[in-house]
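Listed below, chain by chain, are the residues.
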Amino acid sequence: MNHLIIYAHPNPDSLSHAYLEVMKEQTRANGHDVVVRDLYQMHFKPVDYAADFEKSRRGEYPEEILTEQEYLRKADLVSLIYPVWWGSMPAILKGYFDRVFTRGFAFDYHPEKGLLKLLEGKKALVVNNMGDSRKHADASGMTDSIKNFIRSGVFGFCGIETVEHLLFGNATTRDKTVRIGYIEEVREKISKHLPIEATV
Ligand SMILES: Cc1cc2nc3c(=O)[nH]c(=O)nc-3n(C[C@H](O)[C@H](O)[C@H](O)COP(=O)(O)O)c2cc1C
């Protein structure tokens, strides 16, 4: 299977980066292909200004967007790794969705059928860290908000099924044992959704 990881964190010493390493390692160990799109390292441009926005409305996309769409087309599993920033995601990742998940590629509207979900059949795995505790985020409604945004608002809208969404709390303050536990949970989920393929 083809595993596409979209990674949005600027710090190579972050816990998020440890998730990236373990995801790559476990995907390969289980015999699957993996491609990483590291948005900060790529200096991904997250916004379209007027001229580019007009072009994209006409269906004219720059090469960098067509490249990202091709990676998505080939993917069976799309993983996202990003920290919770202001109840949501780093702007660079939001900009990736704004510019790459275009009408005609990710979704479309049909006069009779309504919304067409053009990325059906793909699965998604999401991993987030947040500074807040899970207890507080669950009680305040933030857990539901963070999960619904991506499950329904982005992936669900295009037909991608979110099969797993890990949201780790106290990611900046917990001790090493807990952090290792988070990393191992990521590894387990990769093995669950990208198991070792039986050979015949
Ligand atoms: C700009 C910014 C905004 C943040 N907003 C939130 C937030 O809304 N809720 C929260 O729980 N933590 C928030 N945090 C804390 C991060 O989620 C936390 O630093 C991160 O998850 C730690 O994991 P990492 O090592 O992978 O970065 C924010 C951090 C930054 C830098």
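Relevant structure appears above.
These notes cover the structure that comes with them. All values derive from a computational prediction rather than experimental measurement.

**With respect to the overall build of the chain**
Then comes step 1: Tallying secondary structure elements over the chain gives seven helices and seven strands in all.
Then comes step 2: When its helices and strands are written in sequence order, the chain yields β-α-β-α-α-β-α-β-β-β-α-α-β-α.
Then comes step 3: The C-alpha atoms of the chain give a radius of gyration of 17 Å, which matches the 16 Å a tight globule of 200 residues would have.
Then comes step 4: Considering only C-alpha atoms, the chain reaches an extent of 50 × 50 × 35 Å along its principal axes.
Then comes step 5: Pairs at least 24 apart in sequence give 77% of the contacts found in the chain among residues at least 6 apart.
Then comes step 6: Mean positive and mean negative side-chain charge positions of the chain (26 and 28 charges, respectively) differ by 2 Å.

**Section: the sheet that holds strand β2 (residues 33-38)**
Then comes step 1: One open sheet holds the five strands; their spatial order is β2-β1-β3-β6-β7, and the pairing between them is parallel. Every interior strand has two partners, whereas the edge strands, β2 and β7 (161-168), have only one. Between one strand axis and the next, the sheet turns by 15° as a mean value, whatever way the strands run.
Then comes step 2: The sheet contact formed by strand β6 (residues 123-129) and β7 spans seven bridges and is parallel. Note on β7: the bridge partner recorded for Asn-129 is Phe-168.
Then comes step 3: Along the sheet, helix α6 (residues 142-158) contacts β3 (77-83), β6 and β7; its crossing angle with β7, the most-contacted strand, is approximately 155°.
Then comes step 4: On the sheet, helix α7 (residues 176-193) packs against β1 (2-7), β3, β6 and β7 and is oriented at approximately 170° with respect to β7.

Reading guide: rules and limits
- Residues numbered from 1 in each chain as written.
- Predicted model: local features only at pLDDT ≥ 70, side-chain atom pairs only at ≥ 80, totals over all residues.
- Heavy atoms only, no water.
- Helix = DSSP H or I, 4+ residues; strand = E, 2+ residues; numbered from the N terminus.
- Rg over C-alpha atoms; globule rule 2.2 N^0.38 Å.
- Contact = heavy atoms within 4.5 Å.
- Lys, Arg positive; Asp, Glu negative; His and termini not counted.
- Charge placed at Lys NZ, Arg CZ, Asp CG, Glu CD.
- Pairing = 2+ DSSP bridges.
- Axes fitted to C-alpha atoms, helices over the stretch in contact; angles between N-to-C directions.

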